[in-house]
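Summary of the model geometry
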Number of protein chains: 2
Amino acid sequence: MAKQERRSRPGDGPERIYAELRRSIIGQELSPGSRLPEAAVAARFGVSRTVVRAALARLASEGLVLWPNNRSAKVASPSLAESADVFGLRQVLEGAVMDRLADRIDPQGVARLRAHVAREGTAEATHPAEAIRLAGEFHVLLAELTGSPLLARYVSDVVSRSSLILAGTGRSHSSQCAVTEHLELIALLERGDGTGARQAMAAHLLHVVGRASLPPA
Amino acid sequence: MAKQERRSRPGDGPERIYAELRRSIIGQELSPGSRLPEAAVAARFGVSRTVVRAALARLASEGLVLWPNNRSAKVASPSLAESADVFGLRQVLEGAVMDRLADRIDPQGVARLRAHVAREGTAEATHPAEAIRLAGEFHVLLAELTGSPLLARYVSDVVSRSSLILAGTGRSHSSQCAVTEHLELIALLERGDGTGARQAMAAHLLHVVGRASLPPA
DNA sequence: GCCAACGATACTGTATACAGTTTTGTGGGA
DNA sequence: TCCCACAAAACTGTATACAGTATCGTTGGC
């Protein structure tokens, strides 16, 4: 017999707060530098500081918030150097993703990618913040399709940081360009062109940086 | 005036427990699968469960312990597939490290590397567990010299996991071979041979895997 | 006016209490 | 013997209390 659904199971508290804060940060509802006092966050979500601290620890480990000792956590505001570092690593990691995917991607994976890009296209005009999030998740989906959990995790990490960086610049057409470039990446993978896919990804990432008017990595 | 040294400053508790547990795990004092009940760990180190939970959270985020909901944390025991994943990512990340270092390494960096390898040589015969740790830290040091904090962090991450994996196999001569190979890597970097350094690193990592009698990545 | 000392306020770090969940051990029936 | 039910023990999840630390405004001296 199926267990009765509960409104929140034990252990889900931190996860929920983490997800909500993360969404707020990437969606610019919390701008870089915003302070996140534990008590305030706890009150806002109706939980205790204990739960908030667990969520903050995770956000800090992903670089989305800074959390110095004995001081309030605050939303990270990456410097130019840090931004360059993030995108430099994306070149490394996502280059490896393309190499691996060109060999092993199957029609089902291609279909998932195309479906995702379709959602990007839908959100692109109406929900700019969500468009940024979806554009990032496309890259995470690519990484997941490699079948390497670790690679997927690191890509997810740098993509989160990228979203925070890009949210700060607030270019609204970023996503439109991303859609056509994402489709191009899929096409290259589909025909097994690993070299082309790697190069296209490198160019795509440079475009993303360029549109955000950051100096190239 | 300098502040009076304290035995432990607030906020240092979790960090200390984290470091001690990590050392015990990598040093095989805690073997894979060992249970880590919060209360037991807390009693052992003379702190409260609060502190232990923070340390466990960090270890779990680095993949050294598994921490399912409502269950005791336990030391991870990586499967063959997970081990292959770890070393596959090391190829990607450390290949990038060599590329970057061949351009930018300075005599001071070379000196630090050589000094480190000297310590590896000293520990190699007498303290096998410490030799494994030092061999890992050589790779972390390489990554740090690139000047990319993020790259350094990810390398540190996969090296930790590797240490856990290698500790399980318990090959005692691993470290001796590592010393000569590490010196070879330094020599290649010193003469600016990026391609050679990248290839040598790839071979080195394959050797490490081979000595541990794991299937090649 | 300017700056240092100081006190109030806000906030974090850690311990602990209690409730809820999982695990373990034990006895009874087939 | 095997296996299920069930109760006891072990353990985690969360809230809360209290002590310690940073932050900020104010006051007093110059």
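Just so we're clear, the structure is a prediction, and the values are computed from it rather than from any experiment.

A few points about the protein's contact with DNA strand C
In the vicinity of DNA strand C there are 23 residues, among which Arg 53, Asn 70 and Ser 72 of chain A together with Ser 48 and Thr 50 of chain B approach most closely. Of all DNA strand C atoms lying within 4 Å of any protein atom, the proportion belonging to sugar or phosphate reaches 72%. Asn 70 of chain A is positioned such that a nitrogen or oxygen atom in its backbone is 3.0 Å from a phosphate oxygen of DNA strand C. Here a sugar or linking oxygen of DNA strand C sits 2.9 Å away from a polar atom, N or O, in the side chain of Ser 72 of chain A.

Thoughts on helix α2 (residues 38-45) of chain A
All names here are of chain A. When we look at burial in α2, the residues that qualify are Glu 38, Val 41, Ala 42 and Phe 45. Along the axis of α2, the buried residues cluster in a sector spanning 100°; they form a single face. Residues of α2 that are exposed and point more than 90 degrees away from the buried face comprise Ala 43 and Arg 44. Buried residues in α2 make contact with α1 (12-26), β1 (35-36) and α3 (49-61). Looking one or two residues past α2, Gly 46 carries a phi angle of roughly 70°, positive in sign.

Some points on the confidence of the model for chain A
Taken residue by residue, chain A gives an average pLDDT of 88. The fraction at 70 or more is 89%. Taken as a whole, residues 1-7 of chain A scores under 50 in pLDDT and shows 0 contacts with residues more than four places along the chain or in a different chain.

Examining helix α9 (residues 194-211) of chain B
Taking 1.5 Å of rise per residue, 18 residues should cover 26 Å, and α9 of chain B covers 25 Å from first to last C-alpha, within 8% of that figure. Turning to α9 of chain B, its buried residues number three or more, namely Gly 194, Gly 196, Ala 197, Ala 200, Met 201, His 204, Leu 205, Val 208, Val 209 and Arg 211 of chain B.

A closer look at the pattern of salt bridges
Counted by the stated rule, this structure contains 23 salt bridges over all chains. Here Glu 137 of chain A and Arg 133 of chain A are joined by a salt bridge, their closest N and O atoms 2.9 Å apart. With Glu 137 of chain A and Arg 133 of chain A both in helix α6 (residues 128-145), this residue pair falls 4 residues apart, about one helical turn. Residues Arg 161 of chain B and Asp 157 of chain B are paired through a salt bridge, measuring 3.0 Å at the closest nitrogen-oxygen approach. With a gap of 4 residues between them, Arg 161 of chain B and Asp 157 of chain B both fall in helix α7 (residues 149-169), about one helical turn apart. Given a relative accessible area of 16%, Arg 161 of chain B falls into the buried group.

Procedures and definitions
Residues numbered from 1 in each chain as written. Chains lettered and ligands numbered in written order. Predicted model: local features only at pLDDT ≥ 70, side-chain atom pairs only at ≥ 80, totals over all residues. Heavy atoms only, no water. Near = heavy atom within 4 Å. Polar contact = N/O pair within 3.5 Å; in protein donor to acceptor, adjacent residues only side chain to side chain. Buried < 20%, exposed > 50% of the residue type's maximum accessible area, 1.4 Å probe, protein only. Helix = DSSP H or I, 4+ residues; strand = E, 2+ residues; numbered from the N terminus. Arc of directions from axis to C-beta. Contact = heavy atoms within 4.5 Å. pLDDT = per-residue confidence, 0-100. Expected span 1.5 Å × (residues − 1). Salt bridge = Lys/Arg side-chain N within 4 Å of Asp/Glu carboxyl O.

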